[in-house]
Amino acid sequence: MKSLTDQQRIDYPILAITLFSVLYNCILAYINHNIMPLSVSHVVLCEGIMMLSSVAYLLKRGIYEEDLPIFLYLIFTLVVTVYVTVLNRVPFIDQFRNVLIIVAFAGIGSWASEQTVKLAFRIGCFFVLLFLVCEIISTPFYVSLFHPGQYFENTRGIKQASFNNTGLFANALGFEGRFSFGLINHRSSSIFLEQVSLANFCGVIVIYLLSFWPKLGRIEKALFVSTVVLILLTNDTRTMLIFSCVSIIGYFAFPKIPKAFDLILMPLIILIGFFVHFMKPEEVGDNFTGRVGVTIKKMLDLDFQAILGLDITRIGEFADSGYVYLIYGSTIFGLIMFWLFVCLYPAGTTPAQRRCAHSLSLFIFLNMMIGGTAIFSIKIAGLLWLLIGYMRVSEKPRTARAQPANVDGSRVPG
């Protein structure tokens, strides 16, 4: 049973690392537009600081037997990275970096207190909602703060399109005929500066709500629910709209579903994708069925070299097809290990843990059908895997177990 001290303790290093992962992009964008031009090296430096800080924190805490799953997964990914790099004669560390983010934040999440996790989500969500409202009310003012188009050109090499005179990231402009509620004339981005990360942030908040709902106060619930609703109304995200609606039902259904069900979820989603594709084989546009069709077509085009990770030079073609991207970047075995990790690493003992585990699998595997690398972005993955790491040990906090005992067997307050 958790002591009051353990529940209320705030782990400031964990809180700082996690909040920086959510906010660093908009901080850099503000500096880039208003103080000095930045480059990709500044982005890499920030990510490096977060990774090194997380690893240092974990090493200071010590490595225990219960840490083996994440570190074995990291070692497996390192071996695959060396294999892919050597055989292709092209350095490729993207998948190792993706898994390192998962391992680092799941690791520190397993040491975080409940109060730390709740505070990280509360502060992160507040800033997302604040700048989302700002973007909706006055897009020119929002652009004057961050100028997303210029930021992505300087730090990612994505040239600003000639038709884009708004200062926004061009991909956030949408196009005629795209699914939209019509509340604003572009797809909202808030502090993430591009629309995909904001959509995925919505999904992460939904997973958090499923995991923590009974423990949240009215003001917290209002903050998170209003943020989710406003994102859904302005971001034009079909996938997260589907995910959010399913999650409402899932809140009541997930605790009754065995955790082992997650193992069949990915094959089931892929099977449904094949069914959708064969029902509409010519559908390849920028709508839900079209995006599914593109992924299935690329999966059907996989050859023996691609399955074994021997054609890494083509990986840039699959940034919007998660399953294919993983196969090209880490072989079919990398995809299998990712599937097993997502399904088996989260705990599934209590109703809250099952809600968290099932919603995580649904979020990841549904996203990979219509997207690619976005779920690995540290802006989203940091907060998500912090939650997963915490929920894995939420019933038996590691910090409480790690504290020395008094002679009478009680724990020394820390």
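About the criteria used
Residues numbered from 1 in each chain as written. Predicted model: local features only at pLDDT ≥ 70, side-chain atom pairs only at ≥ 80, totals over all residues. Heavy atoms only, no water. Helix = DSSP H or I, 4+ residues; strand = E, 2+ residues; numbered from the N terminus. Buried < 20%, exposed > 50% of the residue type's maximum accessible area, 1.4 Å probe, protein only. Contact = heavy atoms within 4.5 Å. Areas by Shrake-Rupley, 256 points an atom, 1.4 Å probe, with all protein chains shown as cover. Lys, Arg positive; Asp, Glu negative; His and termini not counted. Charge placed at Lys NZ, Arg CZ, Asp CG, Glu CD. Phe/Tyr/Trp six-rings, centres within 6.5 Å; stacked < 30°, edge-to-face > 60°. Core = buried A, V, L, I, M, F, W, Y, C linked by side-chain atoms within 4.5 Å. pLDDT = per-residue confidence, 0-100. Expected span 1.5 Å × (residues − 1). Disulfide = S-S within 2.5 Å. Axes fitted to C-alpha atoms, helices over the stretch in contact; angles between N-to-C directions. Nonpolar A, V, L, I, M, F, W, Y, C, P; charged D, E, K, R; others polar. Patch = residues over 30% accessible without salt bridge, like charges linked within 9 Å, V, L, I, M, F, W, Y side chains within 5 Å. Salt bridge = Lys/Arg side-chain N within 4 Å of Asp/Glu carboxyl O. Parallel < 35°, antiparallel > 145°, perpendicular 65-115°, else oblique.

An unreviewed UniProt entry lists the protein under the name Polymerase, with Rhizobium calliandrae as the source organism.

Moving on, we come to the overall build of the protein. A tally of helices and strands in the protein yields 18 helices and 0 strands. The 414 residues of the protein split such that 54% are buried. Expressed as a percentage of contacts within the protein between residues at least 6 apart in sequence, the contacts between residues at least 24 apart total 76%. Within the structure as shown, the protein displays about 18,200 Å² of accessible surface, and the carbon and sulfur contribution to it stands at 69%. Across the protein, the mean location of the 31 positive side-chain charges is 7 Å away from that of the 25 negative side-chain charges.

Moving on, we get to the packing of aromatic side chains. In total, this model carries 20 aromatic pairs according to the counting rule given. Between F20 and Y24, the aromatic rings sit 6.0 Å apart at their centres with planes inclined by 55°, giving tilted as the arrangement. Placement of the pair is F20 and Y24 together in helix α2 (residues 12–34), with a separation of 4 residues, close to one helical turn. Look at Y24 and you get buried, because its relative accessible area is 1%. Each member of the aromatic cluster is reached from another via a ring pair, and the members are F121, Y208, F212, F224 and Y390.

With that settled, the discussion passes to the environment of L362. If you trace the backbone, L362 turns up in helix α16 (residues 351–370). Ignoring any residue separated from it by four or fewer positions in sequence, one finds L362 in contact with F243, V246, L265, I269 and N367.

Counting 125 residues, the largest nonpolar core has Y323, I364, F365 and W385 as its most contacted members. Excluding its chain neighbours within four sequence positions, the residues that come into contact with Y323 are M266, I269, I270, M299, L335, F365, M368 and M369.

What follows concerns the confidence of the model for the protein. Here the protein averages 89 in pLDDT, while 91% of its residues score no lower than 70. Contacts of residues 403–414 to residues separated by more than four positions or lying in other chains number 14 contacts, the stretch itself having pLDDT below 50.

Let's shift gears to α16. The end-to-end C-alpha separation of α16 is 29 Å, in line with the 28 Å expected for 20 residues at 1.5 Å each. Counting buried positions along α16 yields 17 of 20 residues, so the element is predominantly enclosed.

Before going further, it helps to spend a moment on the state of the cysteines. Counted under the stated rule, the structure contains 0 disulfides. C202 takes part in no disulfide bond, and the closest cysteine sulfur, belonging to C125, lies 9.7 Å away. Looking at C202, the relative accessible area reads 0%, which means it is buried. The cysteine C343 is free of any disulfide, with C356 supplying the nearest cysteine sulfur at 13 Å.

Bringing the packing of helix α12 (residues 262–279) against helix α15 (residues 322–344) into the picture now. Remark: α12 packs on α15, axes separated minimally by 8 Å, with the N-to-C direction vectors making an angle of 145°. Between α12 and α15, the residues in contact are D262, L263, M266, P267, I269 and I270 and Y323, L335, W339, L340, C343 and L344, respectively. The residue makeup of the contact of α12 with α15, split by class, is 11 nonpolar, no polar and 1 charged.

Inspection of the secondary structure assignment puts P148 in helix α8 (residues 148–156). Sequence spacing of P148 and S189 is 41 residues, and the spatial spacing of their C-alpha atoms is 9.4 Å. Excluding its chain neighbours within four sequence positions, the residues that come into contact with P148 are Y142, G167, L168, F169 and L193.

Nonpolar side chains collect at one region of the surface, where L78, V82, Y83, V86 and L87 lie side by side and expose about 440 Å² of accessible area between them. Residue position: Y83 is located in helix α4 (residues 68–88). Under the relative-accessibility criterion, Y83 is labelled partly exposed at 31%.

Attention now goes to the side chain of Q195. Along the chain, the position of Q195 falls in helix α9 (residues 195–212). Here Q195 is in contact with F169, N171, A172, R187, S188, S189 and N235, once residues within four sequence places are set aside.

Taken as a whole and assessed by the stated rule, the structure comprises 7 salt bridges. A salt bridge links K379 to E194; the shortest N-O distance between them is 2.8 Å. Note that K379 is positioned in helix α17 (residues 378–392) and E194 in the loop between α8 and α9, a separation of 185 residues in sequence. By the burial criterion, K379 is buried, and E194 matches it.

Below, the discussion takes up the packing of α2 against α8. Helix packing geometry: the angle between the two helix axes and the distance between the axes. It is the contact of α2 with α8, at a shortest axis distance of 9 Å, that shows an interaxial angle of 95°. Regarding the angle of α2 to α8, the classification is roughly perpendicular. Note on element contacts: α8 touches α2 through Q150, Y151, F152, N154 and R156, opposite N25, L28, A29, N32 and H33. For the contact of α2 with α8, the class distribution of residues is 4 nonpolar, 5 polar and 1 charged.

Here the phi dihedral of D236 falls at roughly 60°; this positive angle occurs in a residue that is not glycine. Of note, D236 is situated in the loop between α10 (218–235) and α11 (238–253).

Once that is clear, we can look at the environment of L198. When you line up the elements, L198 lands in helix α9. For L198, a relative accessible area of 0% corresponds to the buried category. On a C-alpha basis, the gap between L198 and F376 in space is 13 Å, while along the polypeptide they are 178 residues apart. For L198, the residues in contact, after removing those within four places along its chain, are V128, L132, S188, S189, S190, F192, I231 and N235.

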